[in-house]
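As a plain string of letters, each chain reads:
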Amino acid sequence: MNQLSEERQTFESYNQIRVHFHVCPTRPCLEVQDALDRLALLPGCVDYALTYRQDNAFQWSIAGVWTNEEDRNRHYCSDQIQVLFNCLIQQSASLICCSEGQILHPGAENI
């Protein structure tokens, strides 16, 4: 009996939004959290979450993880992302920086 092993690899797409404030924002406001919750329901979204450090509430990091690049790209045109950015502006965000990419995850060997 011949056994073949094949390494499977998967990709996850991500987007990151860094937000800076000059004035300490309400941490996090309900509107921002609601927008994040709605983004997390979009097709292909694995997670969409806000993090900040207690010692530096003037900087937030918002990360989205997607099963594929197409779903990630599609979310940029969604009403939900527009609501999120409007909420950040209402919280007096002074700088919003966006980045994206892909992460390669080596899979377990199949025998």
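Look up a bit, the structure's there.
None of these values were measured; they are calculated from a predicted model. (Residues numbered from 1 in each chain as written. Predicted model: local features only at pLDDT ≥ 70, side-chain atom pairs only at ≥ 80, totals over all residues. Heavy atoms only, no water.)

Some words on the overall build of the chain
Within the chain, the secondary structure is distributed over three helices and four strands. The order of helices and strands in the chain, counted from the N terminus, is β-α-β-β-α-α-β. Taking all 111 residues of the chain together, 29% fall into the buried category. In the chain, the proportion of contacts linking residues at least 24 apart, taken out of those at least 6 apart, comes to 78%. A total of about 7,400 Å² of accessible surface is found on the chain, and carbon and sulfur atoms cover 50% of it. (Helix = DSSP H or I, 4+ residues; strand = E, 2+ residues; numbered from the N terminus. Buried < 20%, exposed > 50% of the residue type's maximum accessible area, 1.4 Å probe, protein only. Contact = heavy atoms within 4.5 Å. Areas by Shrake-Rupley, 256 points an atom, 1.4 Å probe, with all protein chains shown as cover.)

Topic: the pairing of strand β3 (residues 56-66)
Judged from the seven bridges that link them, strand β2 (residues 45-53) and β3 form a sheet pairing that is antiparallel. Looking at β3, one finds that aspartate 47 is bridged to valine 65. The hairpin formed by β2 and β3 contains two residues between the paired strands. (Pairing = 2+ DSSP bridges.)

Re the nonpolar core
The biggest cluster of nonpolar side chains holds 19 residues, and the ones touching the most others in it are Val32, Leu36, Tyr48, Ile62 and Leu84. Counting only elements with at least two residues in this core, the list comes to β1 (6-21), α1 (30-39), β2, β3 and α3 (79-90). Discounting residues that sit within four places of it in the chain, leucine 36 has contacts with Tyr48, Ala49, Leu50, Ile62 and Leu84. (Core = buried A, V, L, I, M, F, W, Y, C linked by side-chain atoms within 4.5 Å.)

A few points about α1
By the burial criterion, the buried members of α1 are Val32, Ala35, Leu36 and Leu39. Axial view of α1: buried residues confined to an arc of 100°, hence all on one face. Summarising the contacts, the buried residues of α1 are in contact with β2, β3, α2 (69-75) and α3. (Arc of directions from axis to C-beta.)

A look at the environment of alanine 63
By the element assignment, alanine 63 lies in strand β3. Here the alpha-carbon distance between alanine 63 and glutamate 100, two residues 37 residues apart in the chain, equals 9.4 Å. With residues up to four places along the chain from it excluded, the contact list for alanine 63 reads Asn15, Gln16, Asp47, Tyr48 and Ala49.

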